[in-house]
Amino acid sequence: MPHRDMRDYLAVLEQHGKLKRVAKEVDRLWEPAALAKWMFQALPEADRFGLLFERVAGSDMALATGALGASSETVALALGCEPAAINATVVAALAHPVAPREVERGVCQEVVVAGDRVRLSDLPIPVWTPGKDVGPYITTIVVTRDAVTRHQNMGVYRTQVLDDRRVAINLAPGRQGFRCAKTWLDQGKPAPIAWVIAAEPAVHLATVANLKYGHDEIELAGGLKGAPIELVKAKTVDLMVPAHAEIIIEGEVLPGETAPEGPFGEFAGYMGPVAPKPVARITAITHRTKPIFYGYTSQMPPSESTTIQSLVNAGLLLKTLHDLGETSVSDVYIDLTFGGLLAHVVLAMTPRVPGHGKRIGRLVCDLTPLKRVTVVDDDVDIRDPVHLEWALNSRFDPARDTEIIRDVFVPMYMDPSVRVADGRSDPGSKLVLDATQKIDSGSFSLPPRDVMMKALALWREVGLPEFAIPKRARLRIERS
Ligand SMILES: Cc1cc2nc3c(=O)[nH]c(=O)nc-3n(C[C@H](O)[C@H](O)[C@H](O)COP(=O)(O)O)c2cc1C
């Protein structure tokens, strides 16, 4: 069954031992984020969990973080599939998007606080890099609308709280939220904007897919949920918002108004520079009774942000390659530590012609903001670092199989390796490593399959400890 809302999902997570509650009252200015940092910095991926802070000083709302993107396992639970089926689930949802359904009423509007009564400080908005960030930040889904085409867009753009009714939004040029806002601001009109906090998981995961402009992520969310996402009219702005969300913040981006934004700890692991960013005035906060606030943990990777962006955009890349006729690619894995942007992507494929591996690598460089592309044969488990190293050590010749693509400008301004001090950047580059096998190296140096299977029976007979056969071993034995 798809999760109806965030509460359903948190309950499932807890049943699986993947949600930990903190009952002690916490100070949102440092404690929740600092604990989440330990979770992501110290625990191996398989052991990570979401955090639910039940009591936050100064607010009567609970606060959750890490619950969606603690690990591949939590993302799989959010999608209702096994971790190994995440790509297939995303690909199927992209192939079968489901349009949203408009409803008259939504729980997200059980309580409406508008106008002068709005106080962002009533919400438990954390400081995410305590001691370094300028202040509290909203890190969640942002909804905007194109004034001309009227299509809506969802993206996550960090939002700095300036005071109780004003925020500065990291709406970077080129990002679709920026393009939507510009269609209003260019006419001298305020741009409608809404922050969606703790909607059903499908909405959160769809939001980070880098879809083309004009494609509303809400239809992908419907595909992921397997049912239309219910949307309700926002109370004070011209937008439709997820009816089952815990909290909606409504506002308008003001023409010609900017404020210095930052410093803020960025996803790449360094403090981001201060720069002028668009300012929005908050017009309303609507919420469920006793709502749960949600903020993504980002900043130093690995993080929730890098985990969800990598996993969702791997499925999107696989589907895009298939749509382009590159069905020789069977699997895609984006490393979970850099967020689907500037990261390392590994593709498994069956090359059809000499040079096919490199061609796929170059194509991926063109299609995506990923920085390093490794291509291997599909007898390699691309999620297994040991197997990947073996492929690179045994099937890759640096002089023959490397391609460097120079002078790439976009979006390298996000890349700390080429960004210069004032926030501009030098041109960046990309790397393709084609580690597909080009010459026949002969048979694997493992006993044949029948001998290995007899040995497995012997292993059990003599009482050696049980183990799960890794995919790496299975793939090798199949070819032995
Ligand atoms: C926690 C988190 C914070 C993010 N912050 C930003 C941000 O401040 N600016 C930005 O351009 N992208 C940010 N992103 C990435 C975008 O939200 C993501 O790439 C999204 O697909 C962009 O949507 P768009 O293509 O519709 O603009 C963030 C992602 C996450 C998960």
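Preceding this section is the structure that the text describes.
Residues numbered from 1 in each chain as written. Predicted model: local features only at pLDDT ≥ 70, side-chain atom pairs only at ≥ 80, totals over all residues. Heavy atoms only, no water.

K.L.:
What's the story with the nonpolar core in this structure? I'm lost.
P.N.:
Nonpolar side chains in soluble globular proteins tend to end up buried together. Grouped together as the largest cluster of nonpolar side chains are 106 residues, with contacts concentrated most on Trp195 and Ile249. Formed by 19 residues, the second largest nonpolar core is a distinct cluster that contains Val329, Val332, Leu347 and Ile360. (Core = buried A, V, L, I, M, F, W, Y, C linked by side-chain atoms within 4.5 Å. Buried < 20%, exposed > 50% of the residue type's maximum accessible area, 1.4 Å probe, protein only.)

K.L.:
Honestly, helix H7 (residues 217-225) in this entry has me stumped. Any pointers?
P.N.:
Since the α-helix packs 3.6 residues into each turn, any two residues three or four apart lie on the same face. Along H7, 8 of the 9 residues are buried, which leaves the element largely enclosed by surrounding structure. For H7, the elements touching its buried residues are helix H3 (72-79), helix H4 (86-95), strand S8 (152-156), helix H5 (176-185), helix H6 (201-207) and strand S12 (230-233). (Helix = DSSP H or I, 4+ residues; strand = E, 2+ residues; numbered from the N terminus. Contact = heavy atoms within 4.5 Å.)

K.L.:
Got a minute to help me understand the side chain of Thr144 in this structure?
P.N.:
Mapped onto the fold, Thr144 is located in strand S7 (residues 141-145). When residues no more than four places from it in sequence are discounted, the contact partners of Thr144 are His151, Gln152, Asn153, Gly177, Cys180, Pro192, Ile193 and Leu239.

K.L.:
What exactly am I supposed to notice about the sheet that holds strand S23 (residues 428-434) here?
P.N.:
Within a sheet, neighbouring strands are paired by backbone hydrogen bonds and run either parallel or antiparallel to one another. Taking strand neighbours across the sheet as the criterion, the 5 strands line up as S19-S20-S21-S23-S22 in an open arrangement whose pairing is mixed. At either margin of the open sheet sits one strand with a lone partner, and together these are strand S19 (329-334) and strand S22 (402-408). Looking at each pair of strands side by side, their axes are set apart by 15° on average, direction ignored. One ladder, built from 4 bridges, connects strand S21 (residues 372-377) with S23; its direction is parallel. The partner of Val375 across the bridge, within S23, is Asp434. Strands S19 and strand S20 (344-349) of the sheet are contacted by helix H8 (residues 304-323), whose axis makes an angle of about 155° with S19. (Pairing = 2+ DSSP bridges. Axes fitted to C-alpha atoms, helices over the stretch in contact; angles between N-to-C directions.)

K.L.:
Looking at this structure, I do not really get the packing of helix H1 (residues 6-15) against H3. What am I missing?
P.N.:
Close contact between H1 and H3 brings their axes to 10 Å; oriented N to C, the two are set at 130°. Put simply, H1 runs oblique to H3. Seen along the crossing, H1 lies across H3 with a hand that is right-handed. Of the residues in H3, those in contact with Tyr9, Val12 and Leu13 of H1 are Thr74, Leu77 and Ala78. In the contact of H1 with H3, the residues fall into 5 nonpolar, 1 polar and no charged. (Parallel < 35°, antiparallel > 145°, perpendicular 65-115°, else oblique. Left-handed = near helix turned anticlockwise from the far one by under 90°. Nonpolar A, V, L, I, M, F, W, Y, C, P; charged D, E, K, R; others polar.)

K.L.:
Is there a simple way to think about the sheet that holds strand S3 (residues 62-65) in this case?
P.N.:
Pairing is mixed in the open sheet, where 4 strands are placed in the order S1-S2-S3-S18. The two strands at the open ends of the sheet, each matched to only one other strand, are strand S1 (19-22) and strand S18 (292-294). Taking each pair of neighbouring strands and ignoring which way they run, the sheet shows an average axis angle of 25°. Sitting on the sheet, H1 is in contact with S1 and S18, with an inclination near 105° to S1.

K.L.:
In this structure, what is going on with the packing of aromatic side chains? I would like to understand it.
P.N.:
Geometry of an aromatic ring pair is reported as the spacing of the ring centres plus the angle between the planes. One pass over the full model with this rule turns up 5 aromatic pairs. A centroid spacing of 5.6 Å and a plane angle of 65° characterise the contact between Phe267 and Phe338, whose relative ring orientation is edge-to-face. Highlighted residues: Phe267 in the loop between strand S15 (264-265) and strand S16 (271-272) and Phe338 in the loop between S19 and S20, separated in sequence by 71 residues. On the basis of relative accessible area, Phe267 is assigned to the buried category, the value being 11%. On the numbers, 5.2 Å between centres and 85° between planes, the contact of Trp459 with Phe467 is edge-to-face. (Phe/Tyr/Trp six-rings, centres within 6.5 Å; stacked < 30°, edge-to-face > 60°.)

K.L.:
Explanation requested: a nonpolar patch on the surface in the structure shown.
P.N.:
Where nonpolar side chains cluster on the molecular surface, the patch consists of Leu458, Trp459, Val462, Leu464, Phe467 and Ile469 and spans about 530 Å² of accessible area. Along the polypeptide, Ile469 turns up in the loop between helix H12 (449-461) and helix H13 (471-479). We classify Ile469 as partly exposed; its relative accessible area is 42%. (Patch = residues over 30% accessible without salt bridge, like charges linked within 9 Å, V, L, I, M, F, W, Y side chains within 5 Å. Areas by Shrake-Rupley, 256 points an atom, 1.4 Å probe, with all protein chains shown as cover. Salt bridge = Lys/Arg side-chain N within 4 Å of Asp/Glu carboxyl O.)

K.L.:
Mind showing me how you'd approach the site of the ligand here?
P.N.:
Close to the ligand lie 17 residues; Val156, Tyr157, Asn170, Arg175 and Gln176 are nearest. Within the backbone of Thr207, one N or O atom sits 3.4 Å away from an oxygen atom of the ligand. In the model, an oxygen atom of the ligand is placed 3.3 Å from a nitrogen or oxygen of the Val208 main chain. Alone, the ligand offers 630 Å² of accessible surface; in the complex the protein occludes 94% of this. (Near = heavy atom within 4 Å. Polar contact = N/O pair within 3.5 Å; in protein donor to acceptor, adjacent residues only side chain to side chain.)

K.L.:
What is the right way to look at the pairing of S3 in this model?
P.N.:
Taken residue by residue, a regular strand's side chains alternate between the two faces of the sheet. Judged by which residues are buried, S3 turns out to be covered on both faces: Ala62 and Ala64 on one side and Leu63 and Thr65 on the other are all buried. Here 3 bridges tie strand S2 (residues 50-53) to S3, and the two strands are oriented antiparallel to one another. Bridged to Leu52 within S3 is Ala64. Summarising the sheet, S3 and S18 pair through 3 bridges and their orientation is parallel. Residue Ala62 lies in a different strand from S18, and its bridge partner there is Ile292.

K.L.:
Any chance you could explain the state of the cysteines here in plain terms?
P.N.:
Linking two cysteines covalently via their sulfur atoms produces the bond known as a disulfide. This model, assessed by the stated rule, comprises 0 disulfides. As a non-bridged cysteine, Cys180 has Cys108 as the owner of its nearest cysteine sulfur, 20 Å distant. (Disulfide = S-S within 2.5 Å.)

K.L.:
What am I meant to see in the pattern of salt bridges here?
P.N.:
Where charged atoms from two side chains of opposite charge approach closely, those side chains can pair. This structure, assessed with the given rule, holds 35 salt bridges. Between Arg119 and Asp122 there is a salt bridge whose closest N-O contact spans 2.9 Å. Classification of Arg119 as partly exposed rests on a relative accessible area of 42%. The class for Asp122 is partly exposed, based on a relative accessible area of 31%. A salt bridge links Arg383 to Asp331, with the shortest nitrogen-to-oxygen separation between them at 2.7 Å. Highlighted residues: Arg383 in the loop between S21 and helix H10 (385-395) and Asp331 in strand S19, separated in sequence by 52 residues. Given a relative accessible area of 38%, Arg383 falls into the partly exposed group. We classify Asp331 as buried; its relative accessible area is 15%. Counted as one network, the salt bridges with shared partners bring together Asp5, Arg7, Glu246 and Arg288.

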